[in-house]
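Chain and residue survey
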Amino acid sequence: RKCSGILKAENADENTLLLKYNGGKAKTVLTKNNTVFTDVATEQESYPYVELPMASMKQLTKETLFAADMDLNSKMHAIKMDIADDEEGIVKFVISACNGRVIARRSAYAAKAGTFTGSVTLLPEQVKSTMDMLSAEGNVRIAFGDGKVFFRQERTAICFQAIATPYPNLDTIIDNRD
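The following paragraphs examine the structure supplied in this document.

Parameters at a glance
Residues numbered from 1 in each chain as written. Predicted model: local features only at pLDDT ≥ 70, side-chain atom pairs only at ≥ 80, totals over all residues. Heavy atoms only, no water. Helix = DSSP H or I, 4+ residues; strand = E, 2+ residues; numbered from the N terminus. Buried < 20%, exposed > 50% of the residue type's maximum accessible area, 1.4 Å probe, protein only. Phe/Tyr/Trp six-rings, centres within 6.5 Å; stacked < 30°, edge-to-face > 60°. Lys NZ or Arg CZ within 6 Å of the ring centre and 35° of its normal. Core = buried A, V, L, I, M, F, W, Y, C linked by side-chain atoms within 4.5 Å. Contact = heavy atoms within 4.5 Å. Salt bridge = Lys/Arg side-chain N within 4 Å of Asp/Glu carboxyl O. Pairing = 2+ DSSP bridges. Axes fitted to C-alpha atoms, helices over the stretch in contact; angles between N-to-C directions.

Even without being glycine, Asp 146 reaches a positive phi, approximately 50°. Position of Asp 146 relative to the elements: it lies in the loop between strand E9 (139-145) and strand E10 (148-153). Even without a glycine there, the phi angle at Glu 154 is positive, about 45°. Among the secondary structure elements, Glu 154 is positioned in the loop between E10 and strand E11 (156-161). By relative accessible area, which is 74% here, Glu 154 ends up exposed.

Shown next as structure tokens:
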């Protein structure tokens, strides 16, 4: 609903909150809910993950998000994230986007503590929302598993369902551009 003007809140009884707006002509009734809030899904120890400085993650996102196709029906309305073993002691995180005319791909490297490989495809809106929700300071842990992607930073946990649409193989496009 469109709410304009002053919002007034009243306790109708001990289990009900009444919100009045639009000069008292409209109202919303909120009732007490005793159901326990379901925790956000968390990643398993075995999921591939990378931990990066948040400043690096924001820069990677900024440099790739623009290239995602904004047509909601396109298979390229997506951002692809990959985690791969690179060298001894190093893991490579790659974020890619393509709109059919422009390809953007950026990489970051981090120390690894095991074997980590995985891929996930997300909607651009999910990636942008995540960057807006997380603090600009500190590190962010990004993990993939069971069709989900997990972002964790200090006391903030974000989980999105990955999209199942296959993402085009950008390596094939890049290799055949000659």
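A separate point is the packing of aromatic side chains. By the definition in use, this model includes one aromatic pair. For the ring pair Tyr 47 and Phe 150, a centre distance of 5.7 Å and an interplane angle of 25° mean the geometry is stacked. Of this pair, Tyr 47 sits in the loop between strand E3 (26-31) and strand E4 (49-53) while Phe 150 is found in strand E10, placing the two residues 103 residues apart along the sequence. By relative accessible area, Tyr 47 is classed as buried at 9%. For Phe 150, a relative accessible area of 3% puts it in the buried group. Above the plane of the ring of Tyr 49 lies Arg 141, whose end atom (NZ or CZ) is 3.6 Å from the centre.

Note on placement: Leu 52 falls in strand E4. For the pair formed by Leu 52 and Gly 138, sequence separation is 86 residues and the distance between their alpha carbons is 8.7 Å.

Take the nonpolar core next. Membership of the largest hydrophobic core comes to 36 residues, with the highest contact counts inside it found for Leu 52, Met 57, Met 81, Phe 93, Ile 142 and Phe 151. The element best represented in this core is strand E6 (residues 90-98), accounting for five residues. Setting aside its immediate chain neighbours within four residues, Ile 142 contacts Pro 48, Tyr 49, Val 50, Leu 52, Met 57, Met 81, Ile 83, Phe 93, Val 149, Phe 150 and Phe 151.

Summed over all chains, the structure comprises six salt bridges. As a salt-bridge pair, Glu 63 and Arg 106 come within 2.9 Å of each other at their nearest N and O atoms. Of this pair, Glu 63 sits in helix H1 (residues 54-65) while Arg 106 sits in strand E7 (residues 103-111), and the two are 43 residues apart along the sequence. For Arg 106, a relative accessible area of 36% translates into the label partly exposed. Among the ionic pairs, Asp 82 bridges to Lys 80, the shortest N-O distance being 3.5 Å. We classify Lys 80 as partly exposed; its relative accessible area is 24%.

A sheet is described by the order of its strands in space; here four strands give the open sequence E4-E9-E10-E11, paired in antiparallel fashion. With partners counted over all chains shown, the strands left at the sheet margins are E4 and E11, one partner each. Strand-to-strand twist across the sheet, computed as the mean angle between neighbouring axes with direction ignored, equals 15°. As judged from the five bridges shared by E4 and E9, these two strands associate in the antiparallel manner. If you follow Leu 52 over to E9, its bridge partner there is Val 140. Along the sheet, H1 contacts E4, E9 and E10; its crossing angle with E4, the most-contacted strand, is approximately 100°. Most of the contacts of helix H2 (residues 124-133) go to E11, to which it runs at about 175°, and overall it touches E10 and E11.

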